[in-house]
Amino acid sequence: MFKLIGSLNVAAVNTITSALIHAEFPLILTANAGRNPSATKLLAELSNVLAVGVLACASSSVPIAGSHPYLLGYHFWGRQPHLDSADVVLVLDIDVPWV
């Protein structure tokens with residue numbers, strides 16, 4: 001389904017995928033994923049296939065298209081919206097996700 005890029009082993013990928021699939025409200029937080037055009041395409045595909053919302057936190061680039069159905073928006077200060085509701089959070093290429 002997805003091309004494996006990077007250094008995660010298969011067990012780690014399976015654990016993350018399983019957590020996202022079985023979550024009631026999974027969430028992906030990212031800031032810099034949009035700096036790599038390949039990552040943008042893969043993130044949009046992952047979000048579509050697994051129905052996972054993407055929240056851009058103090059993003060310096062566009063992680064997925066603004067018209068993407070699972071883009072939850074851009075957030076630049078304070079507590080991240082949707083974080084309290086999320087039961088699984090995948091943090092991708094982000095500097096300070098807890099701010």
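Here goes a summary of the coordinates provided. These figures come from a predicted structure and were not determined experimentally.

Digging into helix α2 (residues 37-50)
Counting along an α-helix, one turn takes 3.6 residues, and residues three or four places apart therefore face a common direction.
1) Next: Helix length check: α2, at 14 residues, gives a terminal C-alpha distance of 20 Å against a target of 20 Å (1.5 Å per residue), a fit within 8%.
2) Next: Regarding α2, the residues found buried are Thr40, Leu43, Ala44, Leu46, Ser47 and Leu50. Within α2, the buried residues cover an arc of 160° as seen down the axis, which keeps them to one side. Residues of α2 that are exposed and point more than 90 degrees away from the buried face comprise Pro37 and Lys41.
3) Next: On its buried face, α2 sits against α1 (10-22), β1 (26-30), β2 (53-57) and β4 (88-92).

What to know about α1
1) Next: Taking 1.5 Å of rise per residue, 13 residues should cover 18 Å, and α1 covers 18 Å from first to last C-alpha, within 8% of that figure.
2) Next: Measuring from the side-chain oxygen of the N-cap residue of α1 to the backbone nitrogen of Ala11 gives 3.1 Å; that N-cap residue is Asn9.

Let's talk about the sheet that holds β2
1) Next: Taken together, four strands build an open sheet; the order of strands is β3-β2-β1-β4 and the sheet is parallel. This sheet does not close on itself; its edge strands, each paired only once, are β3 (71-75) and β4. Averaged over neighbouring strand pairs, the angle between their axes works out to 20° when direction is ignored.
2) Next: With five bridges connecting them, β1 and β4 associate as parallel partners. Each residue of the ladder has a partner; that of Ile28, found in β4, is Leu90.
3) Next: Along the sheet face, α2 touches β1, β2 and β4 and points at about 165° away from the line of β1.

Rules used in this analysis
Residues numbered from 1 in each chain as written. Predicted model: local features only at pLDDT ≥ 70, side-chain atom pairs only at ≥ 80, totals over all residues. Heavy atoms only, no water. Helix = DSSP H or I, 4+ residues; strand = E, 2+ residues; numbered from the N terminus. Expected span 1.5 Å × (residues − 1). Buried < 20%, exposed > 50% of the residue type's maximum accessible area, 1.4 Å probe, protein only. Arc of directions from axis to C-beta. Contact = heavy atoms within 4.5 Å. Polar contact = N/O pair within 3.5 Å; in protein donor to acceptor, adjacent residues only side chain to side chain. Pairing = 2+ DSSP bridges. Axes fitted to C-alpha atoms, helices over the stretch in contact; angles between N-to-C directions.

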